[in-house]
Every structure is written in structure tokens, then in C-alpha cells.
Amino acid sequence: MGTVSKALSLLTYFNHGRTEIGLSDLTRLSGMNKATVYRLMGEMQESGFVEQADGDRSYRLGPQVLRLAALREAAVPILSVSRRVLKDLSEETGETTHLSLVQGTHLNSLSHAYSPRHATRVMMEDAEVLTYHGTASGLAVLAYADPEFVDAVLSGPLHSHTAATVTDPEAIRRQLEEVRRSGMAQSVGGFEAEVHSHAVPVFGADRQVIGALAVAAPVSRMTPEQAVLIPAALHRAGQTLTHRIGGAAPADYPQEAAA
């Protein structure tokens, strides 16, 4: 990993539950030595990507991150466009919907919507880092990613989130073949126990996969009716979102949800 990649990887440890991180915790989370983390954070502080808080004892994201996020949204307004798609999909399925985007070697949850239909729901967190092998969203992305990217992901550590997480690379490759056949990925308890997720890829203007749109439901509510409704609604929503951001699916992507 190069110096820039190391520095940027430190930013991925910030999330809603961890908006400020001390040097020792960053060292532990990243596995880098303390001197390297201190140097990299110092350089990013000078550029405005992080700033120190709490009496200079911890770091938080700096204003440069907000500026770049605003420029990204202005260039590709996927966040604002996705909100209506997520809301409509959540209302149609009665379940939690969420959008995640590929950001380097990570898959980050960008936005979500809840249905008021049920008091019990799958809870999401914006900016949560998802794994490629353990989530329906990750499998939807891998199925249409460049082979070199897939090889890199599957050659790395594949951690078990639950007892149902698939970590065997060959078994995952077989899953990806099924995703390409149907155009949709599924994960039952792979990232969070008792959660059944469906996901479809979202494509950019160059027909390359840029993220995934997903529906997450408690396993107990996955009735035969929902097992038909969710894939059909999700497939339509994925096509709508891809179209609204100026994207296009590759020629081999199924135009209809597989039965």
C-alpha cells in the first residue's frame, strides 16, 4: 500500500459512532505503527482533511472532506436522486432500503430509508463500511466488477461476521455466477444475523458498476409473497436509479428480475 493509500485508509475508520478518534485507537484499528499514523494524520491536517479536537487529543474529519463531498454531489448528484428512489422502494416493500457506493477498496453505505409499516426494522447507518463478501450489496458489486478487482478482494482476509458468512473464495465465485444470471444478489444472515437482504448493482455512464441498491428485511418477514415482491420492486428501482444518474447497464445485465 502506497503512502497516499495508507493516509486515505485512515479516513475510513470514522463513522457516525466514531466521529472522533485518538492516535492510539487509529494505530490499533489500522495496524500501522504509531509514528506512521502520527505523520500521516499530521500531513492530512495540514491539507484540511482532518482536524484535531478535544484539546488536541483526538482527530475528526476536516472541512476539505465536506468541500469534496459537495463537488462530488454537484458532478454526480446520486445522493439527492437516490432519496426518492429509496423512499418509494421502502414504501412498496415495507422494508429498509439503502444505497452503497464503491469508494476505492471499500463499499460505503451512503443513504437509507425506513418504512413506517413495521415497528421492527433493520437499522442502517450512513457511512457504514460494508464488506464485499458478507453482504448482498457487496456480492452485487463483485458480480459486475473487473476480474482483477474481484481477485484482489477474494485474495484478502475474508472475515466472518456471523456463522452464516461465506468466506470460501470458490463458494463466493459460485454465488457471483448466480448473481450474474439473475441480476440480483441475496444474503441471509451473512452480515447481520436474522437479516435477509437483496441487492442489485447500480451502473455509471461508462456501464461500470459504482454501487448497489438493497432491501434488508428481518428473516421472519420473508414470506413467499415478499420473496416475489422484493426482487421485482428492487430490480425496477435499480434500473430507475441507474437511468436517473445518467448511467447504463452492460448489455449482459438481465432486463427483468429472474423468476
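Residues numbered from 1 in each chain as written. Predicted model: local features only at pLDDT ≥ 70, side-chain atom pairs only at ≥ 80, totals over all residues. Heavy atoms only, no water.

Novice: Quick question: what am I supposed to make of unusual backbone geometry here?
Specialist: With the exception of glycine, most residues fall at negative phi, and the peptide bonds are largely trans. A positive phi angle is found at Glu194, which is not glycine, with a value near 65 degrees. Along the chain, the position of Glu194 falls in the loop between strand 7 (185-188) and strand 8 (195-203). Residue Glu194 is classed as exposed on the basis of its relative accessible area of 59%. For Arg207, which is not a glycine, the phi torsion comes out positive at approximately 70 degrees. If you trace the backbone, Arg207 turns up in the loop between strand 8 and strand 9 (209-218). Owing to a relative accessible area of 43%, Arg207 belongs among the partly exposed residues under this scheme. (Helix = DSSP H or I, 4+ residues; strand = E, 2+ residues; numbered from the N terminus. Buried < 20%, exposed > 50% of the residue type's maximum accessible area, 1.4 Å probe, protein only.)

Novice: Would you explain the nonpolar core in this entry?
Specialist: In summary, soluble globular proteins display a tendency toward joint burial of nonpolar side chains. Ranked by size, the top nonpolar core spans 46 residues in total, and within it Leu89, Leu99, Tyr144, Leu176, Leu213, Leu234 and Leu241 carry the most contacts. For this core, the element with the highest residue contribution is helix 6 (residues 136-144), accounting for 7 residues. Discounting residues that sit within four places of it in the chain, Leu234 has contacts with Leu89, Met184, His198, Ala199, Val200, Leu213, Ala214 and Val215. Counting 14 residues, the second-largest nonpolar core is a separate cluster that includes Leu23, Leu26, Leu40 and Val50. (Core = buried A, V, L, I, M, F, W, Y, C linked by side-chain atoms within 4.5 Å. Contact = heavy atoms within 4.5 Å.)

Novice: Please explain the packing of helix 2 (residues 23-30) against helix 3 (residues 34-47) as it appears in this structure.
Specialist: For the pair helix 2 and helix 3, interaxial distance at closest approach is 9 Å and the crossing angle is 115 degrees. Judged by the inter-axis angle, helix 2 sits roughly perpendicular to helix 3. As helix 2 packs across helix 3, the resulting crossing turns out to be right-handed. Note on element contacts: helix 3 touches helix 2 through Lys34, Val37, Tyr38 and Met41, opposite Leu23, Ser24, Leu26, Thr27 and Ser30. The residue inventory of the contact of helix 2 with helix 3, partitioned by class, reads 5 nonpolar, 3 polar and 1 charged. (Axes fitted to C-alpha atoms, helices over the stretch in contact; angles between N-to-C directions. Parallel < 35°, antiparallel > 145°, perpendicular 65-115°, else oblique. Left-handed = near helix turned anticlockwise from the far one by under 90°. Nonpolar A, V, L, I, M, F, W, Y, C, P; charged D, E, K, R; others polar.)

Novice: I tried to follow the environment of Tyr114 on my own but got confused; where do I start?
Specialist: Structurally, Tyr114 can be placed in the loop between strand 5 (106-113) and strand 6 (129-130). The spacing of Tyr114 and Gly238 is 124 residues in sequence and 17 Å in space, taken between C-alpha atoms. Those residues within four positions of Tyr114 in sequence are excluded, and the remaining contacts are Ser90, Thr96, Arg121, Val122, Met123 and Met124.

Novice: Can you help me understand the pattern of salt bridges in this one?
Specialist: Should the charged atoms of two oppositely charged side chains come close, the side chains can pair. By the definition in use, this model includes 11 salt bridges. Among the salt bridges present, the one from Arg173 reaches Glu170, with a minimum N-O distance of 3.9 Å. Note that Arg173 and Glu170 are positioned in helix 8 (residues 169-182) at a spacing of 3 residues, about one turn of the helix. By relative accessible area, which is 28% here, Arg173 ends up partly exposed. Residue class for Glu170 comes out partly exposed when judged on its relative accessible area of 46%. Several salt bridges share partner residues, and in doing so they unite Glu20, Glu51 and Arg60 into one network. (Salt bridge = Lys/Arg side-chain N within 4 Å of Asp/Glu carboxyl O.)

Novice: Can you help me understand the packing of aromatic side chains in this one?
Specialist: The description of an aromatic ring pair rests on the distance of the ring centres and on the angle between the ring planes. Per the counting criterion, the structure on display carries 4 aromatic pairs. Ring centres of Tyr132 and Phe149 lie 5.4 Å apart, and the angle between their planes is 85 degrees; on these two criteria the pair is classed as edge-to-face. Taken together, the residues Tyr132 in the loop between strand 6 and helix 6 and Phe149 in helix 7 (residues 147-155) connect sequence positions 17 residues apart. Between Phe203 and Tyr253 the ring centres are 5.5 Å apart and the planes differ by 70 degrees, which places this aromatic pair in the edge-to-face class. (Phe/Tyr/Trp six-rings, centres within 6.5 Å; stacked < 30°, edge-to-face > 60°.)

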